[in-house]
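Residue-level structure breakdown
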Amino acid sequence: VKNANDTVTVPFRASMNLSPKGRLYPIVKGILGRAPEEGLNMRELQGKRVKVEIGHYIDDHGSVWEEVKSIKKVG
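Presented here is an overview of the structure given in this document. Bear in mind the structure is a predicted one, so any value in this text is a computation, not a measurement. (Residues numbered from 1 in each chain as written. Predicted model: local features only at pLDDT ≥ 70, side-chain atom pairs only at ≥ 80, totals over all residues. Heavy atoms only, no water.)

Core analysis: the biggest nonpolar cluster contains 8 residues, these being Leu24, Ile27, Val28, Ile31, Leu32, Leu40, Leu45 and Ile71. Element by element, the count of residues in this core is highest for helix α1 (residues 24-32), at 5 residues. (Core = buried A, V, L, I, M, F, W, Y, C linked by side-chain atoms within 4.5 Å. Buried < 20%, exposed > 50% of the residue type's maximum accessible area, 1.4 Å probe, protein only. Helix = DSSP H or I, 4+ residues; strand = E, 2+ residues; numbered from the N terminus.)

So, on to the environment of Ile31. When you line up the elements, Ile31 lands in helix α1. Sequence separation between Ile31 and Ser15 is 16 residues; the distance between their C-alpha atoms is 17 Å.

Of the pairings in the sheet, the one linking strand β1 (residues 50-58) to strand β2 (residues 64-73) comprises 9 bridges and is antiparallel in character. Within the sheet, the bridge partner assigned to Ile58 lies in β2 and is Val64. (Pairing = 2+ DSSP bridges.)

Take a look at the structure:
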């Protein structure tokens, strides 16, 4: 995630499955601004401008982690 001052890396793991119940689906839908179509080339998402909401959670060991809460298409 690039912002005005620097780049922030937020780890995110998901399968390439674009099922509406999958973890990747809301991310891709937010980037596109619409539901992804079958056969989508994921490389088409690279470089798209979006607004990303980052949240935080604490794991069982007390470590704080960033997570993507939502993504919305810009423009």
